[in-house]
Amino acid sequence: MLKKDNMDFNQKMFELAKSAMQNAYAPYSNFAVGTAVMGCNGKIYAGCNVENAAYPQGNCAEAAAISAMVLDGVKVIKSVMIIGDGNGLVTPLVTPCGGCRQRIREFANDDITIDICDYDGLRQRFSLGQLLPFSFGPENLNERI
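What comes next is a walk through the structure. (Residues numbered from 1 in each chain as written. Predicted model: local features only at pLDDT ≥ 70, side-chain atom pairs only at ≥ 80, totals over all residues. Heavy atoms only, no water.)

1. Section: the environment of Gln124
Then, number 1: Note that Gln124 resides in strand 5 (residues 121–127).
Then, number 2: Overall, the relative accessible area of 33% leaves Gln124 in the partly exposed class. (Helix = DSSP H or I, 4+ residues; strand = E, 2+ residues; numbered from the N terminus. Buried < 20%, exposed > 50% of the residue type's maximum accessible area, 1.4 Å probe, protein only.)

2. Notes on the pattern of salt bridges
Pairing between side chains becomes possible if they bear opposite charge and their charged atoms approach one another.
Then, number 1: Throughout the structure, instances matching the rule amount to five salt bridges.
Then, number 2: Of the charged contacts, one joins Arg125 and Asp115 as a salt bridge, the two residues approaching to 2.9 Å between their closest N and O atoms. Placement of the pair is Arg125 in strand 5 and Asp115 in strand 4 (residues 113–118), with a sequence separation of ten residues.
Then, number 3: Asp115 sits in the buried class, given a relative accessible area of 0%.
Then, number 4: Of the charged contacts in the structure, one is a salt bridge between Asp118 and Arg123, with a shortest N-O distance of 3.9 Å.
Then, number 5: Take Asp118: its relative accessible area is 18%, and that puts it in the buried class.
Then, number 6: For Arg123, a relative accessible area of 32% gives the class partly exposed.
Then, number 7: Taken together, the salt bridges that share partners define one network made up of Arg105, Asp110 and Glu139. (Salt bridge = Lys/Arg side-chain N within 4 Å of Asp/Glu carboxyl O.)

3. Re a nonpolar patch on the surface
Then, number 1: Together, Tyr25, Tyr28, Val50 and Tyr55 give the surface a local cluster of nonpolar side chains, amounting to about 440 Å² of exposed area.
Then, number 2: Along the chain, Val50 falls in the loop between strand 2 (44–48) and helix 2 (61–71).
Then, number 3: Judged by relative accessible area, which is 36%, Val50 ranks as partly exposed. (Patch = residues over 30% accessible without salt bridge, like charges linked within 9 Å, V, L, I, M, F, W, Y side chains within 5 Å. Areas by Shrake-Rupley, 256 points an atom, 1.4 Å probe, with all protein chains shown as cover.)

4. Re the pairing of strand 1 (residues 33–39)
Then, number 1: With seven of its seven residues buried, strand 1 lies for the most part within the structure.
Then, number 2: Where burial is concerned, the two faces of strand 1 agree: the one with Val33, Thr35, Val37 and Gly39 and the one with Gly34, Ala36 and Met38 are both buried.
Then, number 3: Sheet analysis places strand 1 next to strand 3 (residues 77–84), joined by seven bridges and oriented antiparallel. Residue pairing for strand 3: Ala36 is matched across the bridge by Met81. (Pairing = 2+ DSSP bridges.)

5. Structural notes on helix 2
Then, number 1: Listed as buried for helix 2 are Ala61, Glu62, Ala63, Ala65, Ile66 and Met69.
Then, number 2: Elements in contact with the buried residues of helix 2: strand 1, strand 2, strand 3 and helix 3 (98–106). (Contact = heavy atoms within 4.5 Å.)

6. A word on the sheet that holds strand 3
Then, number 1: With mixed pairing, the five strands of this open sheet are ordered in space as 2-1-3-4-5. Of all strands in the sheet, those with a lone pairing partner are strand 2 and strand 5, marking the two edges. Pairwise comparison of adjacent strand axes, ignoring direction, gives a mean angle of 20° for this sheet.
Then, number 2: Sheet analysis places strand 1 next to strand 2, joined by five bridges and oriented antiparallel. Paired with Thr35 across the two strands is Gly47, which belongs to strand 2.
Then, number 3: Across the sheet, helix 2 touches strand 1, strand 2 and strand 3, and the angle it forms with strand 2 is around 140°. (Axes fitted to C-alpha atoms, helices over the stretch in contact; angles between N-to-C directions.)

Keep in mind these numbers describe shape, not what the thing actually does.
What follows is the structure in structure tokens.
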């Protein structure tokens, strides 16, 4: 496991993400995911995945946490923590899907950290730039040629 700098803050994010994962609605895949997102205001927003019998209609945990943050009036992400267990299987890292990487990018720069966890804690830390290199963000639409 990796050590983190601010254990109290990180422990709170971990506990919120884990609690969110335990409340996930995943009756079809049995693949529960929880996310904690820290906004620029220092508040932490949690989200879980919510599946639907019409598969494309489900929501990812990251999208749920970002939606809660935006609902609170915050538009900048400072940190993300994701926890997933893959139905108790020994799995590769549970990183955000491509769509959620882009959702995170909408509200964050390439240098924010995304911590990937399992039940035991932190498994690996990435920057958003590592997970979504050469990304397209809001500033691309604001530039004029």
